[in-house]
Amino acid sequence: MEIALEKSTETNASLKIKLTKSDYQPEVDKKLKDYGRRASIKGFRPGKVPPSLIQKMYGKSVLVDEINELLKNTVNNYIRDNKLQVVGDPMPDREQADAIDWDTQSEFEFNYNLGLASDFDVDFNALPPVPAYEIEAGEAELDNTIEELKTRFSGHAHAEESAEGDMIYGELKQDAKEEGAEPFSTKTALPTKQIAADELPKFIGLKKGDIVTFDIQNAFPDEKSRALATGLKGDEAAGLEGEFTFTVDDITRNEPAEIGQEFFDKVLGKDAVENEEQFREKVLEIIKSNYGREATTLQRIEIEQALLDNIAISLPDDFLKQWLLSNNEGNVTEADVEEQYEAFARSVKLQLIKNKIASENEVNVSYEDVMETTRSMVREQFGFYGDDEQMKQSIDQIARQYLMDEKGNNYMQMYNRMFDDKVIELIKGKLTLEPKTISVDEFKELVSARQPKA
């Protein structure tokens, strides 16, 4: 076997592999002999099928399978042993492969195109300071949050006269369109929030017993709102048209929750606080905690941007675009690839940098690390408390099952998240972090500006 790497540019290379009969024939013969022992062919006793017939029936397919397996292992081992920084997957020369005569050739040549990332170093001393944000949350944020909570935990009250935002209950009717046909009639609730603005005035100021006439498609222009208003399935509601009458039976209105113990219990749990002062302190504490997590997320974005801005990496752009097209054949177009490539290249560069940092600093995530994090997730989600042996076994069983679900994707997602978190924490320890206090509005502006383009 001969293997040669030829680099045309810093980021593009081809891997040429030459195979002779001695490279693949021993394994082919071994497999054909095994086929002969197991083959069940009419007219021959088991294990007595002539080798020439086995060769005729299975020889080519065994040869192709063996060479493909040999090539896969050879390419992977070469990349690993030579520590090539490959991006995307090796792409075989299809024309060369299609030209092979599997019936007559005994020596083969294969060519794989490789996309390589350029060499780079990570010098933490050369990276600029990164802000460590603290988001100010004061009385204004507290008051807004409490108003939102009062709406979220609102109650229902009966109203004498309908207003915008109310729910109007009653009977919806339409006369039969054709002689002999059944008229339409149903008890339903009309959400005024779903009624078209031009038609809404008809539904304001209604009282119990009032009758309103309206065109169903004008009042509820889209199928979803018609389905919601009539209680019908989407396809049935889609066909409704013409004038309907609605007789009002009742009107209900959401009323914000009142400040008091019942409201405190609904928001924070029973008897968590005893008065409004304690309630405001606790809610403000939660707000600051939530903003703290969001500040950490923003800091991660800043760190990643600092890495990208200060570590130059060249990628084989044309190769990667072709690889994306080939790898998603039939699902994406060239225009799709062009539109999404910037975000893709950004993620590739970030992963290369993080992988190098992890390698140079021996950052590892073990199976036990993943299991322990998953155990904690199970305890939190299912409310498991205590640490007796039976409880531990139950938690372990649920955790293992979760990690095996989705064909192992859950495990990989958990692993990747933990790996990323460990690398980011290591980077934080090596960078200069500058404390910076910002307002909520400033925070929102920063998040909007820092979000990677889709």
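Structure shown above.
Residues numbered from 1 in each chain as written. Predicted model: local features only at pLDDT ≥ 70, side-chain atom pairs only at ≥ 80, totals over all residues. Heavy atoms only, no water.

1. Brief notes about a negative patch on the surface
Spelled out, the test is: Surface patches are drawn from residues lacking salt bridges whose relative accessible area is over 30%; two like charges belong together within 9 Å, two nonpolar side chains (Val, Leu, Ile, Met, Phe, Trp, Tyr) within 5 Å. Per-residue and other accessible areas follow the Shrake-Rupley method at a 1.4 Å probe size, with only the shown protein chains counted as cover for residues. When a carboxyl oxygen of Asp or Glu lies within 4 Å of a side-chain nitrogen of Lys or Arg, that pair is called a salt bridge. A positive count includes Lys and Arg, and a negative count includes Asp and Glu. His and the chain ends are not counted in either. By convention, the point assigned to a charge is CZ for Arg, NZ for Lys, CD for Glu and CG for Asp. Where helices and strands are cited, they refer to DSSP runs of H or I of at least four residues and of E of at least two residues respectively, numbered from the N terminus.
There is a patch of like negative charges on the surface, built from E134, E136, D441, E442 and E445. If you tally residues by element for the negative patch, the top one is helix α15 (residues 440–450), at three residues. On the secondary structure map, E445 appears in helix α15.

2. Quick word on the sheet that holds strand β1 (residues 2–7)
Here is the rule we go by: Any two strands are treated as partners once DSSP identifies two or more bridges connecting them. The axes are straight lines fitted to the C-alpha atoms, using for helices just the contacting stretch, and the angles between their N-to-C directions are given from 0 to 180°. In what follows, residue pairs with any heavy atoms lying within 4.5 Å of each other are defined as contacts.
Taken in spatial order, the four strands make up an open sheet running β1-β2-β4-β3, and their pairing is antiparallel. Looking at the sheet topology across the chains shown, the edges are occupied by β1 and β3 (86–92). Ignoring which end each strand starts from, the neighbouring axes of this sheet average 20 degrees apart. Lying on the sheet, helix α2 (residues 51–81) is in contact with β1, β2 (12–19), β3 and β4 (108–116); it crosses β2 at an angle near 135 degrees.

3. Looking at the packing of helix α1 (residues 21–38) against α2
What counts, and what does not: Between 65 and 115 degrees an angle is taken as roughly perpendicular, under 35 as roughly parallel, over 145 as roughly antiparallel, and anywhere else as oblique. Note: crossing handedness is left-handed where the near helix turns anticlockwise from the far helix by less than a right angle, and right-handed where it turns clockwise. Each residue is assigned to one of three groups, with Ala, Val, Leu, Ile, Met, Phe, Trp, Tyr, Cys and Pro labelled nonpolar, Asp, Glu, Lys and Arg labelled charged, and all others, Gly among them, labelled polar.
Packing of α1 against α2 brings their axes to within 9 Å, and their N-to-C directions diverge by 135 degrees. One way to sum up the angle between α1 and α2 is to call them oblique. Crossing hand, α1 versus α2: right-handed. Along its contact with α1, which presents D23, Y24, E27, V28, K31, L32, Y35 and G36, the element α2 presents I54, Q55, Y58, G59, V62, L63, E66, I67 and L70. Classifying every residue of the contact of α1 with α2 by side-chain character gives ten nonpolar, three polar and four charged.

4. A short note on the pattern of salt bridges
This structure, assessed with the given rule, holds 27 salt bridges. For K31, the salt bridge is made with E66, and the minimal N-O distance between the two is 3.2 Å. Of the two residues, K31 is situated in helix α1 and E66 in helix α2; the sequence distance between them amounts to 35 residues. E147 serves as the salt-bridge partner of K150, at 3.4 Å between the closest nitrogen and oxygen. Pair noted here: K150 and E147 are both in helix α4 (residues 139–152), with a separation of three residues, about one helical turn.

5. Section: unusual backbone geometry
Phi is positive for D271, close to 60 degrees, though the residue is something other than glycine. On the secondary structure map, D271 appears in the loop between α8 (261–268) and α9 (276–310). Although it is not a glycine, K407 adopts a positive phi angle of roughly 55 degrees. For K407, the position within the fold is in the loop between α13 (389–404) and α14 (409–430).

6. Some points on the packing of helix α12 (residues 367–382) against α13
In the contact formed by α12 and α13, the axes pass within 9 Å of each other and the chain directions differ by 110 degrees. The angle between α12 and α13 falls in the class roughly perpendicular. For the crossing formed where α12 meets α13, the hand is right-handed. Mapping the contact onto sequence places Y367, V370, M371, T374, R375, M377, V378, R379 and F382 in α12 and I395, D396, I398, A399, R400, Y402 and L403 in α13. In the contact of α12 with α13, the residues fall into eleven nonpolar, one polar and four charged.

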